[in-house]
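Understanding the architecture of this molecule
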Amino acid sequence: MDDTPSLSQLRQSLRRLQWLVAGLSVLLLGLAAVTAWLLSQRDAPLHVDHLSTRQLQVLDEHGVVRVEIGQDSVEEGRRSRAAGILIFDASGAERGGLSTFEDNSVALALDAPKGQGEDRWRDRAGLRVDADGSAQLLLTDNLTRGAVRLHSKGTGGGGLDTFKWDMGSGTLHTRTLTFDGDERSQRPFEQ
């Protein structure tokens, strides 16, 4: 028995092959056109009316995150879960941020560079408004101790606090200047 295909079978196979090559050619031309269009659009600005995401990161030309918008994970361990904007320096170290918290407070913090003071507590200037409307501006030193605090109470009034940390006795001395006068107090602190 002869397994050689007949002339009509060869013609049919050739036609199928020609259609396949034509189809692949059209697909390849389409892909080339789309690729050329995408390459021409890579410098065009992207305009979006609405964007929904859980986290957004802005990277610099070296791939370092410089700005992050999002919400803490549940396991973050802050006093209250936060959502906001974090700002990072060129090394990727956090240098500040603006957050709203689930306890209905809001805070703006500015951090010292890495290597200045204790790495876990680099906040040096902090502005906070609590749920009751009270507010404070706190400046800290590289030893992460409060130096000066300007504060207002949600019920009215406020003042300016200066601090002296007596490390030998473990006592925090506070001098408060209010409209009505000068007050001094002290309390122990844990070292």
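First, a word on what this report is: a plain description of the structure on this page. Fair warning: this is a prediction, and the values are worked out from it, not measured in the lab.

Concerning the pattern of salt bridges
The final tally for this structure, using the stated rule, is 7 salt bridges. Between R66 and D60 there is a salt bridge whose closest N-O contact spans 3.6 Å. Take R66: its relative accessible area is 29%, and that puts it in the partly exposed class. Its relative accessible area of 15% is what places D60 among the buried residues. Between R79 and D103 there is a salt bridge, with the nearest N and O atoms lying 2.7 Å from each other.

Topic: the pairing of strand 7 (residues 135-140)
The pairing of strand 6 (residues 123-129) with strand 7 spans 5 bridges and is antiparallel. Across the sheet, the residue bridging to V129 is A135, located in strand 7. In sequence, strand 6 turns back onto strand 7 through a hairpin of 5 residues, with G133 there showing a positive phi of about 90°. Summarising the sheet, strand 7 and strand 8 (residues 146-152) pair through 6 bridges and their orientation is antiparallel. Along strand 8, the bridge assignment pairs L138 with R149. Counting the residues between successive antiparallel strands, the hairpin from strand 7 to strand 8 contains 5 residues, one of them, T144, with a positive phi of roughly 60°.

Calculation rules
Residues numbered from 1 in each chain as written. Predicted model: local features only at pLDDT ≥ 70, side-chain atom pairs only at ≥ 80, totals over all residues. Heavy atoms only, no water. Salt bridge = Lys/Arg side-chain N within 4 Å of Asp/Glu carboxyl O. Buried < 20%, exposed > 50% of the residue type's maximum accessible area, 1.4 Å probe, protein only. Pairing = 2+ DSSP bridges. Helix = DSSP H or I, 4+ residues; strand = E, 2+ residues; numbered from the N terminus.

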